[in-house]
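Chain by chain, the residues run as shown.
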Amino acid sequence: MKKLAILSAIFFHSFLSGAQADIRFYNKGLKLAALGDLEEAIRFFSKAIKYEPEFEEAWYNRGLAKSRLGDYPGAIGDYTRAIDIKPDFARAYNNRGADKHELQDYLSAIKDYDKAIESDPAYILAWFNRGNSHYKMSNYDKALADFTKAIELDGAFTDAWFNRGLTRTKLKDIEGSLEDFNRVREMQPAYPGLQEKIDMVKTQKIEE
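Residues numbered from 1 in each chain as written. Predicted model: local features only at pLDDT ≥ 70, side-chain atom pairs only at ≥ 80, totals over all residues. Heavy atoms only, no water.

A description of the packing of helix H8 (residues 140–153) against helix H9 (residues 158–170) should follow, citing residues and the corresponding values.
Where H8 meets H9, the axes come as close as 9 Å, and the angle between the chain directions of the two elements is 155°. The orientation of H8 relative to H9 falls into the category roughly antiparallel. Helix-helix and strand crossings are classified by hand; for H8 and H9 the assignment is left-handed. Along the contact surface, H8 presents Tyr140, Ala143, Leu144, Phe147, Thr148, Ala150 and Ile151, while H9 presents Ala160, Trp161, Asn163, Arg164, Thr167, Arg168 and Lys170. (Axes fitted to C-alpha atoms, helices over the stretch in contact; angles between N-to-C directions. Helix = DSSP H or I, 4+ residues; strand = E, 2+ residues; numbered from the N terminus. Parallel < 35°, antiparallel > 145°, perpendicular 65-115°, else oblique. Left-handed = near helix turned anticlockwise from the far one by under 90°. Contact = heavy atoms within 4.5 Å.)

Right, dumping it as structure tokens:
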């Protein structure tokens with residue numbers, strides 16, 4: 001089965017103007033992150049934080065770089081600091097939830113997604129990721145509702161269509177799962193694992 005995708009928000013690539021050391025180091029960190037040099041990016045985000053400890057975007061982006069390197073506990077710590085500075089920081093809540101999910105702390109991840117959605121009700125990634133954590137906890141009705149909301153917000157979100165199809169399969173909604181998988185095929189014919197899931201669901205339909 002295709003692994004349910006957990007999506008983190010991207011690096012905040014809004015370069016800041018100004019000659020202050022913290023801004024110069026921050027912008028350098030963003031450039032390095034864009035080039036894929038995450039360890040150096042972390043070094044420059046750390047320099048920015050040293051000059052301005054309340055720089056929430058530097059904490060956030062350092063957390064994201066750590067997450068991309070697989071340092072989930074370190075990333076969670078940085079996102080937590082960003083949230084302490086900016087309590088309605090939806091992207092930080094979402095990414096902290098994503099890293100908690102990777103550590104299989106699904107209940108705590110859901111709480112973070114709740115906060116992200118509370119801060120930004122149109123935040124598609126938070127709805128989608130919360131659906132994934134509900135799925136992992138076998139809360140299939142709640143997962144279905146979250147994937148449906150993600151689709152309502154972005155009808156071209158193929159991962160949400162696919163994961164809703166997986167969820168409907170768990171709920172024994174064979175016709176619904178086939179509808180979702182066929183929608184994915186219309187948008188992305190070579191979607192990984194799609195044909196396998198369609199064949200499996202069709203087999204279940206025949207057996208019924």
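Don't stop here, the text continues.
Describe the packing of aromatic side chains, listing the residues and the values that go with them.
Across all of its chains, the model carries 11 aromatic pairs by this definition. Considering the side-chain rings of Phe25 and Tyr51, the 5.7 Å spacing of their centres and the 35° angle between planes classify their relative orientation as tilted. Note that Phe25 is positioned in helix H1 (residues 21–34) and Tyr51 in helix H2 (residues 38–51), a separation of 26 residues in sequence. For Tyr51, a relative accessible area of 53% puts it in the exposed group. Through a chain of ring-to-ring contacts, the aromatic side chains of Phe25, Phe44 and Tyr51 assemble into a single cluster. Directly above the ring of Trp161 sits Arg183, whose terminal nitrogen or CZ lies 5.5 Å from the centroid. (Phe/Tyr/Trp six-rings, centres within 6.5 Å; stacked < 30°, edge-to-face > 60°. Buried < 20%, exposed > 50% of the residue type's maximum accessible area, 1.4 Å probe, protein only. Lys NZ or Arg CZ within 6 Å of the ring centre and 35° of its normal.)

Run through the pattern of salt bridges, naming residues and quoting values.
Tallied over the full model, the rule gives 14 salt bridges. Its salt-bridge partner being Asp112, residue Arg96 comes within 2.7 Å of it at the nearest N-O pair. With a gap of 16 residues between them, Arg96 in helix H5 (residues 90–102) and Asp112 in helix H6 (residues 106–119) connect regions that are remote in the sequence. Accessibility assignment for this pair places Arg96 and Asp112 in one class, buried. (Salt bridge = Lys/Arg side-chain N within 4 Å of Asp/Glu carboxyl O.)

An account of the nonpolar core is needed here, citing residue identities and associated values.
With 53 residues, the main nonpolar core has Tyr26, Tyr60, Phe162, Phe181 and Leu194 as its most contacted residues. The dominant element in this core, judged by the number of residues it contributes, is H2, at 7 residues. (Core = buried A, V, L, I, M, F, W, Y, C linked by side-chain atoms within 4.5 Å.)

Describe H2, with residues and values.
If you check H2, its first and last C-alpha atoms are 20 Å apart, about what 14 residues at 1.5 Å a residue would give, namely 20 Å. Among all positions of H2, only Leu38, Ala41, Ile42, Phe44, Phe45, Ala48 and Ile49 are buried. (Expected span 1.5 Å × (residues − 1).)

So, the environment of Tyr72: which residues are in play, and what are the values?
Relative to the elements of secondary structure, Tyr72 occurs in helix H4 (residues 72–85). For Tyr72, a relative accessible area of 22% gives the class partly exposed. In this structure, the C-alpha to C-alpha distance between Tyr72 and Arg96, residues 24 residues apart in sequence, is 8.6 Å. Excluding anything up to four places from it in sequence, Tyr72 contacts Ser67, Asp99, Glu102 and Leu103.

Go over the side chain of Asp180 with me, naming the residues and quoting the values.
Examined against the element boundaries, Asp180 turns out to sit in helix H10 (residues 174–187). Judged by relative accessible area, which is 2%, Asp180 ranks as buried. A distance of 2.9 Å separates the side chain of Asp180 from the side chain of Arg164, its partner in a polar contact. Aside from chain neighbours lying at most four places away, what touches Asp180 is Trp161, Arg164, Gly165 and Arg168. (Polar contact = N/O pair within 3.5 Å; in protein donor to acceptor, adjacent residues only side chain to side chain.)

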